[in-house]
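Observations on the model geometry
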Amino acid sequence: MSETTLLLGGRIYSPADAGATAMAVTEGTIAWVGGDKAGRALHPDAEVIDLEGAFVAPAFVDAHVHATATGLLLNGLDLTGCASLTEFLHALRDYVEEYPGALVWGHGWDETWWPERRPPTRAEIDRAAGGAPVYLSRIDVHSALVSTALVDRAPLARGAEGWSEDGPLTRVAHHHARRAAREALGTAQRREAQLAFLRHAASRGVACVHECAGPDISGADDLADLLALSAQGGVPEVVGYWGELGAVDKARELGARGLAGDLFVDGAVGSRTAALREPYADAPTTSGALYLDAHAIAEHLVECTRAGLQAGFHVIGDAGVAEVCDGFRKAAEIVGEPALAALRHRLEHLEMVDEQQAAELARFGVVASVQPAFDASWGGPGDMYARRLGRERGTRLNPFSRLAANGMLLAFGSDAPVTPVDPWRAVQAAVHHRTEGFGISPRAAFTAHTRGGWRAAGTDDGVTGTLVPGAPATYAVWDAGELVVTAPDSRVQRWSTDPRAGVPGLPDLSPDAPRPRCLRTVLRGRTLYARDPEDDDLE
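The rules behind the values
- Residues numbered from 1 in each chain as written.
- Predicted model: local features only at pLDDT ≥ 70, side-chain atom pairs only at ≥ 80, totals over all residues.
- Heavy atoms only, no water.
- Pairing = 2+ DSSP bridges.
- Helix = DSSP H or I, 4+ residues; strand = E, 2+ residues; numbered from the N terminus.
- Axes fitted to C-alpha atoms, helices over the stretch in contact; angles between N-to-C directions.
- Buried < 20%, exposed > 50% of the residue type's maximum accessible area, 1.4 Å probe, protein only.
- Polar contact = N/O pair within 3.5 Å; in protein donor to acceptor, adjacent residues only side chain to side chain.
- Contact = heavy atoms within 4.5 Å.

Looking at an unreviewed UniProt entry, one finds the protein chain named Amidohydrolase, with Saccharopolyspora thermophila as its source organism.

Taking strand neighbours across the sheet as the criterion, the five strands line up as β8-β9-β10-β11-β12 in an open arrangement whose pairing is mixed. Both outer strands of the open sheet, β8 (77-78) and β12 (169-170), are each paired with one neighbouring strand and no more. Two strands pair when backbone bridges link them, and strand β11 (residues 143-146) and β12 are joined in this way by two bridges, in the antiparallel orientation. What sits directly across from A144, in β12, is L169.

Judged by pairing direction, the sheet is mixed, and its four strands sit side by side in the order β4-β3-β1-β5 without closing on themselves. Single-partner strands in this sheet number two, and they are β4 (29-34) and β5 (47-50). Taken over all neighbouring pairs, the strand axes of this sheet differ in orientation by 20° on average, direction set aside. Note that strand β1 (residues 4-8) and β5 share four bridges and pair parallel. The residue bridging L8 from the neighbouring strand is D50, located in β5.

Within helix α18 (residues 423-431), eight of the nine residues are buried, which leaves it mostly tucked inside the rest of the structure. Residues of α18 that are buried: P423, W424, A426, V427, Q428, A429, A430 and V431.

Okay, the side chain of Q310 next. Secondary-structure assignment places Q310 in strand β16 (residues 310-315). Within the local environment of Q310, its side chain forms a polar contact with the backbone oxygen of R344, the two atoms lying 2.7 Å apart. Only 2.8 Å separates the side chain of Q310 from the backbone oxygen of A456, close enough to count as a polar contact. Among all residues touching Q310, those that are not within four sequence positions of it are Y241, R257, G258, L259, A260, L343, R344, H345, R346, A456 and A457.

Structure (structure tokens):
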């Protein structure tokens, strides 16, 4: 059998040849791209795959996921579609009846969409659960509804910061409850969830994910098991991050890329725990929660920089971002700006950031690991951000164009299970931001979800994440419609199908256009996912 595979009759997204229809792969590396006729002549003994017009592009990288929690959602109680409090309680009751005696792990409720505009009380949870231990995380995973039976397993939650006798738990109380629920999961159940997630990601054209783990979100054993599962092959590559202060030795022991990811500076807007400079518009008695101050942030940056580890933080609110910027300034006074920039430290979410902060963070070489689906889900003048923050503040989150214009490296992710693993939806959302002027071009958005993810994790060889000779053969094959390019204009960004533009085209990302369907996902020449033709008959 030939060591070379020749893909023919497709549409190849390659800067090496905008009109390429063929690609040759040898031993996991792209050997050549070009036209069909030349491909056959150059590789006469290759194994040939007829693409039948399919679109071939670099595989996606999801730069922020929580694998086990997402796998549990895929296999467990999915509350993301509940449209009312009543529907939520029915879903919980039905699940308990189907799985009597088991811990109930659910996710995805969002009371801001419900006509009742309130979450259920603990008494309502207890009645629906019939005495079962229940952990139900809000859509942003920064608060959770729990049953009394679960509270009994987490006695430290009572009276801890964020404790509520009747409503959702936040802050420290939430961490205690989540830990108790996590410890109730068996090893086999956790592995099944991780494998379900990785296979699901591969089916969406994702070949690499960044797992954002930590003591309050998933646990060291969870990360170790996930990295071991990925190392066995046949699933997307996992880049691990561990979010804990003072844990350099643990990061190295775990094989983590850095002490980053969900190391919380603050919380989330939906749970009113993102740290704000001014109070929440719909809850004037609170301005959120600040978990780390500038001094602690600076200490972490200095320790990681000296250890040669990538540092990073979860930060959303404007008060949190201000604290992070102050922390970087303090760290730069100790180790210097060049040393900070060389490690390419990262910030997750970075939703409320102004022009001056974006410029300053870019100077420090910071990666912006961001989630475009957040804006698609909660942005705009009438949705959750605006209700929580008021229209003026609520329509100015996630300014991707500002970050990009100031030179920050963008890496796109889903924060699954917060939003689904759906890379084309994320690219589309980044282009069609719900606030005018905050979106970026299709090419920039696609790059942020492919090459940007590799670079955010330290792979910056100039070719990974692209389809050019010498690059790893990491790609996805898509059933897609007509390809289009964006041509710059002094007044507008307009769609064009003109091949004279000289750049490879992308699928139509118009809001009403159907998104491409994944046919195959390949990591360094090895197939992770191949669509079963019988699946077409089920649609």
